[in-house]
Structures are given as structure tokens and as C-alpha cells.
Amino acid sequence: LTQHISITNDFETALQVVNPSVALPYWDFTQDFTKIKKLAQDEGRAVDYADLWTLDVWGEDYFGSSAGSSLHTVTEGRWAYTQVPKVTTTTKNTLMANAYGFMRAPWNLQSSPYITRYHSLCEMSIGGIDSYDTNQWPDCKTHHSAVFDIDSYAEYVVYNAYTAHAGVHLLIGGSGGSGSSSCDTWSELIDLVGPKIVKAMKAKSFSVMRNVWRSDYCTDPSSHQCEDSVVDSDTSECKLQCKGCELDQFTSEQKSNLNYMWRHLITDLSDFQLEQLTRKVFCDSKILLGEQIEASSAVDISFWPIHPTMERLMQYKQLVKPFTDYTWDGSPYESMWNSECKWGLMYDTDCLGHAVNDMTMGEMTVLDTDSGTFVKKHLTNQQVVATSKPANTDQLPYVYDSFDYTHCEEEGIKFKAVPKSD
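Residues numbered from 1 in each chain as written. Predicted model: local features only at pLDDT ≥ 70, side-chain atom pairs only at ≥ 80, totals over all residues. Heavy atoms only, no water.

Novice: What am I meant to see in the state of the cysteines here?
Specialist: Between two cysteines, a covalent bond joining their sulfur atoms is known as a disulfide. The full count for this structure, using the stated rule, is 5 disulfides. In this model, cysteine 122 is linked to cysteine 183 through a disulfide, with the two sulfur atoms separated by 2.1 Å. Negative torsions about the S-S bond denote left-handed disulfides, and the value of about -100° found for cysteine 122 with cysteine 183 makes this one left-handed. With cysteine 122 in the loop between α2 (30-42) and α3 (140-148) and cysteine 183 in the loop between β1 (175-176) and α6 (190-193), this residue pair connects regions lying 61 residues apart in the sequence. With respect to class, cysteine 122 is no different from cysteine 183; both count as buried. (Disulfide = S-S within 2.5 Å. Helix = DSSP H or I, 4+ residues; strand = E, 2+ residues; numbered from the N terminus. Buried < 20%, exposed > 50% of the residue type's maximum accessible area, 1.4 Å probe, protein only.)

Novice: I keep staring at the packing of aromatic side chains and nothing clicks. Help me out?
Specialist: How two aromatic rings sit relative to each other is set out by the distance from centre to centre and by the angle between their planes. Counted according to the given criterion, the structure contains 28 aromatic pairs. For the ring pair tryptophan 53 and tryptophan 137, a centre distance of 6.1 Å and an interplane angle of 80° mean the geometry is edge-to-face. One end of the pair, tryptophan 53, is in the loop between α2 and α3; the other, tryptophan 137, is in the loop between α2 and α3, with 84 residues separating them in the sequence. The class for tryptophan 137 is buried, based on a relative accessible area of 2%. The structure contains a cluster of three or more aromatic residues connected by ring pairs, namely Trp27, Phe29, Trp53, Trp58, Phe63 and Trp137. (Phe/Tyr/Trp six-rings, centres within 6.5 Å; stacked < 30°, edge-to-face > 60°.)

Novice: Quick question: what am I supposed to make of the pairing of strand β5 (residues 364-368) here?
Specialist: Here is the key point about a regular strand: its side chains alternate between the two faces of the sheet. Here β5 runs beside strand β6 (residues 373-377); their pairing, made up of 5 bridges, is antiparallel. Bridging from a neighbouring strand, leucine 367 pairs with phenylalanine 374 of β6. Counting the residues in the hairpin turn of β5 and β6 gives 4 residues, including glycine 372, whose phi is positive at 75°. (Pairing = 2+ DSSP bridges.)

Novice: Please clarify how the side chain of lysine 280 should be interpreted in this entry.
Specialist: Within the secondary structure, lysine 280 is located in helix α10 (residues 271-282). If we ignore the near neighbours within four places in the chain, the residues touching lysine 280 are Ser180, Thr185, Trp186, Glu188, Leu189 and Ser285. (Contact = heavy atoms within 4.5 Å.)

Novice: Looking at this structure, how should I read the packing of α3 against helix α11 (residues 306-320)?
Specialist: Two numbers describe a pair of packed helices, the interaxial angle and the distance between the axes. Running from amino to carboxyl end, α3 crosses α11 at an angle of 45°, the nearest separation of the two axes being 9 Å. As the angle between them shows, α3 and α11 are arranged oblique. The two elements α3 and α11 meet at a crossing, and its hand is right-handed. Of the residues in α11, those in contact with His143, Ala146, Val147 and Phe148 of α3 are Thr309, Met310, Leu313, Tyr316, Lys317 and Val320. Along the lines of polarity and charge, the residues of the contact of α3 with α11 split into 7 nonpolar, 2 polar and 1 charged. (Axes fitted to C-alpha atoms, helices over the stretch in contact; angles between N-to-C directions. Parallel < 35°, antiparallel > 145°, perpendicular 65-115°, else oblique. Left-handed = near helix turned anticlockwise from the far one by under 90°. Nonpolar A, V, L, I, M, F, W, Y, C, P; charged D, E, K, R; others polar.)

Novice: Sorry if this is basic, but what is going on with α3 here?
Specialist: Residues lying three or four places apart along an α-helix face the same way, a consequence of the helix completing one turn every 3.6 residues. Where burial is concerned, most of α3 is hidden: 7 out of the 9 residues are buried. When we look at burial in α3, the residues that qualify are Cys140, Thr142, His143, Ser145, Ala146, Val147 and Phe148. At its buried positions, α3 is contacted by α2, α4 (153-162) and α11. If you check the start of α3, you find a side-chain oxygen 3.3 Å away from the backbone N of lysine 141, and it comes from aspartate 139. (Polar contact = N/O pair within 3.5 Å; in protein donor to acceptor, adjacent residues only side chain to side chain.)

Novice: How do you make sense of empty space enclosed by the protein when you look at a structure like this?
Specialist: Empty pockets left among the atoms are what a rolling probe the size of a water molecule brings to light. Under the defined criterion, the tally for this structure stands at 1 cavity of 30 Å³ or more. In this structure, the largest cavity encloses a volume near 40 Å³. Along the walls of the largest cavity sit Trp107, Leu109, Met209, Leu240, Ser285, Lys286 and Ile287, which together make up its complete lining. Taken together, the residues of the lining of the largest cavity sort by class into 5 nonpolar, 1 polar and 1 charged. (1 Å grid on protein atoms, 1.4 Å probe; cavity = no way out; pocket = protein on both sides within 12 Å on 5 of 7 lines; lining within 4 Å. Points joined across faces, edges and corners; volume = space filled by probe spheres on them.)

Novice: Before we go on, may I ask you to explain the layout of surface pockets in this structure?
Specialist: Approximately 490 Å³ is the volume attributed to the second largest pocket. Around the second largest pocket sit 22 residues that line it, and Leu24, Pro25, Arg78, Trp79 and Ile301 are the ones nearest its centre. Class assignment of the residues belonging to the lining of the second largest pocket gives a composition of 18 nonpolar, 1 polar and 3 charged.

Novice: Is there a simple way to think about unusual backbone geometry in this case?
Specialist: Most of the time, phi is negative for any residue but glycine, and the peptide bond is trans. For cysteine 122, which is not glycine, the phi torsion reads 55° and is therefore positive. Its identity as a non-glycine residue notwithstanding, glutamate 123 has a phi of 65°, on the positive side. Secondary-structure assignment places glutamate 123 in the loop between α2 and α3.

Novice: For this particular structure, what's the right way to read the confidence of the model for the protein chain?
Specialist: Detail in the predicted coordinates should be disregarded across regions flagged by low pLDDT. Looking at the protein chain as a whole, its pLDDT mean stands at 89, while 93% of the residues score no less than 70. The low-confidence segment residues 229-235 (pLDDT under 50) makes 14 contacts with residues lying over four places distant or belonging to another chain. (pLDDT = per-residue confidence, 0-100.)

Novice: What is the right way to look at the nonpolar core in this model?
Specialist: Side chains of a nonpolar character, in soluble globular proteins, are inclined to be buried together. With 51 residues, the main nonpolar core has Trp27, Leu52, Trp137 and Leu171 as its most contacted residues. Top contributing element to this core by residue count: α11, with 6 residues. Residues within four places of tryptophan 137 in sequence aside, it is in contact with Trp27, Phe29, Asp32, Phe33, Tyr49, Leu52, Trp53, Gly167, Val168 and Leu171. In this structure, Met201, Met209, Ile266 and Cys283 belong to the second largest nonpolar core, which totals 40 residues. (Core = buried A, V, L, I, M, F, W, Y, C linked by side-chain atoms within 4.5 Å.)

Novice: What should I look at first to understand the side chain of serine 175 in this one?
Specialist: Here serine 175 lies in strand β1. Residue serine 175 is classed as buried on the basis of its relative accessible area, which comes to 0%. Apart from residues lying up to four places away in sequence, serine 175 is in contact with Tyr118, Ser120, Leu121, Cys122, Glu123, Ser205, Phe206, Ile287, Leu288 and Leu289.

Novice: Just checking my understanding: could you explain the packing of α4 against α11 for this structure?
Specialist: At a closest axis distance of 12 Å, the pairing of α4 and α11 adopts a crossing angle of 150°. When the axes of α4 and α11 are compared, the pair comes out roughly antiparallel. Crossing hand, α4 versus α11: right-handed. Facing Tyr153, Tyr156 and Asn160 of α4, the residues of α11 in contact are Met310, Leu313, Met314 and Lys317. Looking at the contact of α4 with α11 residue by residue, the classes come out as 5 nonpolar, 1 polar and 1 charged.

Structure (C-alpha cells):
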């Protein structure tokens, strides 16, 4: 949360170099859910997340739409065909890139030069009819719980990192592919292992390749294996290289490692079933990710108004129900967390950037109390938390226009009015 506050502040300052009157807006995405829920109620049906992409915010005057695009990219409006930067000969040793040379995560073998939005997971709808409902768009109930049911700052960070906002990134970005190697073809496994397992696999498709890459069970291909083309060929060798694919049969350890993400669902599979599933997913498939799923998300304009909403929610909380515990330790609230970050236990990482006294990536523009002027500088995570408290927000160069959540009253969820100051 603090890192996002810092990069948002840094980004807004950069915009104001071009136009000092510009402010980075926040996007209260809970309003979007309220709208599609009301639409479903009016039409007497279940909520369908596909309705999200029909809202005005996805029109050409705002974020733009990828609907109908074979490349899953924005084709009209200000952000049409926004390109993902490529590394150059001078930056390739300092910047991360995929095998096509784009500034994407190495496990995301997306070859399109344009920002990508799938809005689904391997062609499986999310949060709607016939979906796997584990990845939800945050709503009023979600944000109300963040404010009024949580007293610990550490628990708040864990909750907000995923439950209260991650679904927005997920549903925008999604996962997909093309041709016979696409994860869309995992549906062919239904007759072998059943629909429940296949749905769970598709629901985890946005993260499974990241995890096996980070665990060194798979490595990214070399650039000479990847053609520099927009449309991937079915015969392309540009796939993650996973340990065991070169063998006639995986070892038990390899199958266990690769299938860790859905381990609870495959305990009753036969050796033959598990072998075929593992080979299909990790040897024959090529999962492509939308920008909002990983580090290139900032190239998509819809990324930038998301996190100001989370900062606004935290400021509101501290006005109506302040934290009572600022202990910096997320481990009691999520099994995969060590004290500082998720996956800290699995990867035995020091979580660089997440510790209480680590510096933020972005430079904050804050009031220097000695000189009385605003200066740009890196703060520690703890300093960002302190500066975001209502008593100290006069040290920031921006304020939020309101803490109005009246749209939630349509769902019977009431947010307390902010008390007036003396």
C-alpha cells in the first residue's frame, strides 16, 4: 500500500510538470459493481461481470475498450494501440523483459506490442454465469469490512492487497492465448480429470507460471526461440521450459512441484491422469497474460486511478475508525506471508521494499517542515503511513474531494459520515 502511494504521488508530480493544473483521479470501482448489480436485479438475473465492460468508464473517452479486438487491445479513443516499451541495447542489462524483448515479466510470453486486456481466464468468465467464483470484483461490502471490521494495520494491508482491490487488476488483465498451445484448450482435459479441476486450473492460470518460474521449476525461453511477431504460431517453441518435459515421464517430485497451485484437487487422480494433465499444462501450453496481471500493468491507463482509491479508503478509515495496532507483521493473517510480504515463506525472500524501514520506490512530494516548502524525496514505508494519517495530510500536496460512499446505501450498506473537525 505504501509503495503504491509513493509511485502514485511520483506519477502525479510528473504529470504536473507538463500541466500543473492536472490531478491524478481516483476510481471508486465499487460503484461499478453497484451499477451492474442493479442492472441484474432490474432484469431478474444473476450478476454477470461481462456487464462491467459496457459501463461508460470503458468508453473511448476514458479507458477505452478491447471488446471485439482479436489482439485484446484498445482500438478506439485516446489510448488506442498503446504500446508496451521494448528494452534497448543500452537498457537490456538493467531492465527486465520477456523473450520478445518487451518490458513484461519473463513468464509472460505475450508477443503483442500493445497493452492487452482479456477480461477472462483462459476464456472462462469470472464472477458471472458458469464461472469459477473465487476472484471477485470488490464491492461496497468488501470496503465496508476493510474499514469497520479490521483494527490492525498489518491485517488491513493483507486484506486490501488481495480481497479489497486485486480482483480489479485480475478482471481487467486476465489470461488467454492463441492456437493449439493456448490455455483455452485445457477444456480438453475435462473428460480426463473432470470440470472442477479444469475450472480451478483456469482460475489460477494468471499466477501458476509466475510461481513455477520463481521456484525455478521452469525457465523462460531464449530470445532465439521466440519469433518477433504479433500473432503467435501454434508451432512456436516460445514457451516456458519446465523440468521434466524432456523426459518420457515426470518424476513424482516434478509433478508435485508443478501442480502445487491445485494440489488439494488432484489427490485422487491416477498416475496416468496426473501425467497427462502435467504435460498438457506445463509442456504443451503457453499462457499469455494481460498487462494488469504483472509488472507492465502501469502501461495500461486503467492502472493509475486504482490505488488512489485504496489510499482514500485508508484515510477515511483513520477518520472514522482508526487503527489500534500498527505492528508491521502480516504473518498472522495469511499463511503464505512472512512478516513483510506474501510468498515470503515459500521463496525464503527478504521482501526487499516491504520492511517497515525500507525506502519507497517512488519519490514523495512532501512538506519540509524546516523550510516550509515542498520537496521530493524517498520516504520509508513507516513514514508514508505516518504522512497519510489525517493529522498529517497537510504535509501532502493533494487532498481527496470527499469521502462519499452514498452509492453503497442502495445495497443497504452505510458508511459513517466523516466527523467535522473543530
